Amino acid sequence: MIGRSGNPTLKDSTFENRGYGEDRYQNYMTINGTVNKAFITLVILLGSAFATWMMFFNGQQVMPLAYGGLIVGFILALVISFKPVAAPYLVPVYAVAEGLFLGALSATYESLYNGITLQAALLTMAVFIALLVAYKTRLIKATENFKLGVVAATGGIMIMYLLSFVLGFFGISIPYLHDNSLIGIGISVVIVIVAALNLVLDFDFIEGGAERGAPKYMEWYGAFGLMVTLVWLYIEIIRLLGKLRSRD
């Protein structure tokens, strides 16, 4: 049984009922193939983000692109999650849409706090590498209790964000979630940790899929799930840095 992932796009049922067997497909999912697809997806996302970034600092209106990218990205994420076979075709489009949003978000933070985008990007990459090394050397093991804890924490965070979004329409805000108080910063630190730990579950899930002989198109799906976690981690890190910088 492949371990569960806190990432909602990577779940146990993804690899079920797909007719696996030695005579099923000639090409199988591999870890190296998934890494290559993840790199391609990241390059596309960064290219899209850079385009929006340049538009922002050239004085052009980017918010329609940002919101459009967010909505399109959300819709594509749902489609890919329920139809992994479409991942090879939709994941690159998802990367473009997500890049439009991240570019605008990053440029907005950069206009407020010089250098914050580079800091957030480097920290995200550092966390990714550190957890990958920890996972490969088995310093961190994706045990069932570990998985259950991360999944529960991730679910709680998602529910909290959903409540914050809904209550925002009525002018109600959840205390400390978005402010720069010590408690608010502490909450952001916890969320960053939970987002980071999801990477361990994603590594375990992808490794399990490769060992189980998933079809080749699942490499794109695995890359998509990993990118979802990285984007979430980057957003939480830049939010945390923004709270810290706003206290200066």
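Keep in mind the model is a prediction, meaning the values are calculated, not measured.

Novice: An account of the overall build of the protein chain is needed here, citing residue identities and associated values.
Specialist: Along the backbone of the protein chain there are 7 helices and 0 strands. Mapped in sequence order, the helices and strands of the protein chain form the string α-α-α-α-α-α-α. Expressed as a percentage of its 248 residues, the buried residues of the protein chain come to 46%. In the structure as shown, the protein chain presents an accessible area of about 12,700 Å², 70% of it carried by carbon and sulfur atoms.

Novice: Quick one: what's the story with helix H2 (residues 63-82), residue by residue and with numbers?
Specialist: Its 20 residues place the ends of H2 29 Å apart at the C-alpha level, agreeing with the 28 Å of an ideal helix rising 1.5 Å per residue. Within the span of H2, buried status applies to Ala66, Gly69, Gly73, Leu76, Ala77, Ile80 and Ser81. Seen along its axis, H2 keeps its buried residues to an arc of 125°; they face one direction. Along H2, the residues that are exposed and aim more than 90 degrees away from the buried face are Pro64, Tyr67, Ile71, Phe74 and Phe82. On its buried side, H2 packs onto helix H3 (87-112) and helix H7 (218-246).

Novice: Pulling in residues and values, what's your account of the packing of aromatic side chains?
Specialist: In total, this model carries 7 aromatic pairs according to the counting rule given. Seen from their ring centres, Trp53 and Phe57 are 5.0 Å apart, and the 50° between their planes marks the pair as tilted. Here Trp53 pairs with Phe57, and both are found in helix H1 (residues 31-57), just 4 residues apart, close to one helical turn. Overall, Trp53 belongs to the partly exposed group, its relative accessible area being 22%. Centroid distance Tyr94 to Phe224: 5.1 Å. Interplanar angle 85°. Geometry classified as edge-to-face. Taken together, the positions of Tyr94 in helix H3 and Phe224 in helix H7 put the pair 130 residues apart, joining distant regions of the chain. The burial state of Tyr94 is the same as that of Phe224; both residues are buried. One aromatic cluster is present, built from ring pairs that chain together Trp53, Phe56 and Phe57.

How each quantity is defined
Residues numbered from 1 in each chain as written. Predicted model: local features only at pLDDT ≥ 70, side-chain atom pairs only at ≥ 80, totals over all residues. Heavy atoms only, no water. Helix = DSSP H or I, 4+ residues; strand = E, 2+ residues; numbered from the N terminus. Buried < 20%, exposed > 50% of the residue type's maximum accessible area, 1.4 Å probe, protein only. Areas by Shrake-Rupley, 256 points an atom, 1.4 Å probe, with all protein chains shown as cover. Expected span 1.5 Å × (residues − 1). Arc of directions from axis to C-beta. Contact = heavy atoms within 4.5 Å. Phe/Tyr/Trp six-rings, centres within 6.5 Å; stacked < 30°, edge-to-face > 60°.

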